[in-house]
Amino acid sequence: MAELVYRPVIGAALTMFKALDLKIDVQGSENIPRKGGAVLVSNHIGYLDFIFAGLAARPQKRLVRFMAKESVFRNKVSGPLMRAMKHIPVDRAQGEAAYRHALDALRSGEIIGVFPEATISQSFTLKGFKSGAARLAQEAGVPLVPVALWGTQRLWTKGRPRNLKRSHIPVTIRVGEPVEAPADQYAGAITRRLRERVQELLETAQRAYPVRTKDAADSWWIPAHLGGTAPSPAELREAQ
């Protein structure tokens, strides 16, 4: 079936990234299967993460259908685009419909993108994972593909102004080997193993990131444990 919207949207995004001279470094795309279903699982640090995680599948000529909160589909601009690209709306009060939709897509050979932290991490560290991705992979009989993103928070993230005019920002993307999800294993154990793998990839991406800064005013995007001024997970819990 022709993708009348998705591929042009990718082209528009790539044109914008080229104009901004973003330095996008993708490694590990060969770990994404060329055919068949898979659950692509990524950390979540910025509003544009679905674009960059989707780009990781581009070398394999695959499109990723992301599960996203339902409010995005109600927006007059993003809503029609999200529906045309066959992304999946998630109503957190009634998540079963989205789960069944994603399961059907996986069984038909699609790649489904999931952010198992469920929300953007404002500490830019890895939050706890919900088990839905593992359960989907188990039920559909498909692998989980771990992905780590770094640098996307500098463009647009929660609690910070959008910054799409600043050029030359590096974005690092690392894709890991698939994690199997046997149907006879406890989903919680698979989820823990998956989170550990994403954490390893995240640390790899951070080590490879070409920017280091000692300017406190410009270290808001660096986690506290790495010497930056982003709030720690403990500080965020206290502020709630």
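Above this text is the structure in question.
The model shown is predicted, which means the values in this text are computed figures rather than measured ones.

Attention now goes to the overall build of the chain. Helix and strand counts for the chain stand at eight helices and seven strands. When its C-alpha atoms are laid out on the principal axes, the chain stretches across 50 × 40 × 35 Å. Counting only residues that meet the buried cut, the chain has 47% of its 240 residues in that class. Of the contacts formed within the chain by residues at least 6 apart in sequence, a portion of 75% connects residues at least 24 apart. Counting every atom, the chain has about 12200 Å² of accessible surface; 53% of that belongs to carbon and sulfur. Here the chain holds 35 positive side-chain charges and 22 negative ones, and the gap between their average locations is 6 Å.

Our focus in this paragraph is the packing of helix α5 (residues 95-107) against helix α6 (residues 132-140). Running from N to C, α5 and α6 point in directions that differ by 45 degrees, and their axes come no closer than 10 Å. The pairing of α5 with α6 is recorded here as oblique in orientation. As α5 runs across α6, the sense of the crossing is right-handed. Within the contact between the two elements, α5 uses Tyr 99, Arg 100, Ala 102, Leu 103, Leu 106 and Arg 107 and α6 uses Gly 132, Arg 135, Leu 136, Glu 139 and Ala 140. Residues belonging to the contact of α5 with α6 are distributed by class as follows: six nonpolar, one polar and four charged.

Okay, the environment of Met 85 next. Mapped onto the elements of the fold, Met 85 is located in the loop between α4 (78-84) and β4 (88-90). Here the alpha-carbon distance between Met 85 and Ala 187, two residues 102 residues apart in the chain, equals 29 Å. In contact with Met 85, not counting residues within four places along its chain, are Val 5, Tyr 6, Val 9 and Arg 65.

Quick look at the sheet that holds strand β7 (residues 170-175) now. A sheet is described by the order of its strands in space; here seven strands give the open sequence β1-β7-β6-β2-β5-β3-β4, paired in mixed fashion. Edge positions in the sheet fall to β1 (23-27) and β4, since each of these pairs with one other strand and no more. Within this sheet the neighbouring strands show an average axis-to-axis angle of 20 degrees, counted without direction. Judged from the four bridges that link them, strand β6 (residues 144-150) and β7 form a sheet pairing that is antiparallel. In the sheet register, Leu 149 faces β7, and the bridge partner there is Ile 173. Packed onto the sheet, α5 meets β2 (38-42), β3 (64-69), β4 and β5 (111-114) and runs at close to 155 degrees relative to β4. Taken strand by strand, α6 contacts β2, β3, β5 and β6, and its axis lies near 165 degrees from that of β2.

Right, let's get into a positive patch on the surface. A surface patch of like charges, here positive, comprises Lys 69, Arg 92, Lys 127, Lys 130 and Lys 158. The residue Lys 127 is located in the loop between β5 and α6 in this model.

Rules behind the numbers
Residues numbered from 1 in each chain as written. Predicted model: local features only at pLDDT ≥ 70, side-chain atom pairs only at ≥ 80, totals over all residues. Heavy atoms only, no water. Helix = DSSP H or I, 4+ residues; strand = E, 2+ residues; numbered from the N terminus. Buried < 20%, exposed > 50% of the residue type's maximum accessible area, 1.4 Å probe, protein only. Contact = heavy atoms within 4.5 Å. Areas by Shrake-Rupley, 256 points an atom, 1.4 Å probe, with all protein chains shown as cover. Lys, Arg positive; Asp, Glu negative; His and termini not counted. Charge placed at Lys NZ, Arg CZ, Asp CG, Glu CD. Axes fitted to C-alpha atoms, helices over the stretch in contact; angles between N-to-C directions. Parallel < 35°, antiparallel > 145°, perpendicular 65-115°, else oblique. Left-handed = near helix turned anticlockwise from the far one by under 90°. Nonpolar A, V, L, I, M, F, W, Y, C, P; charged D, E, K, R; others polar. Pairing = 2+ DSSP bridges. Patch = residues over 30% accessible without salt bridge, like charges linked within 9 Å, V, L, I, M, F, W, Y side chains within 5 Å. Salt bridge = Lys/Arg side-chain N within 4 Å of Asp/Glu carboxyl O.

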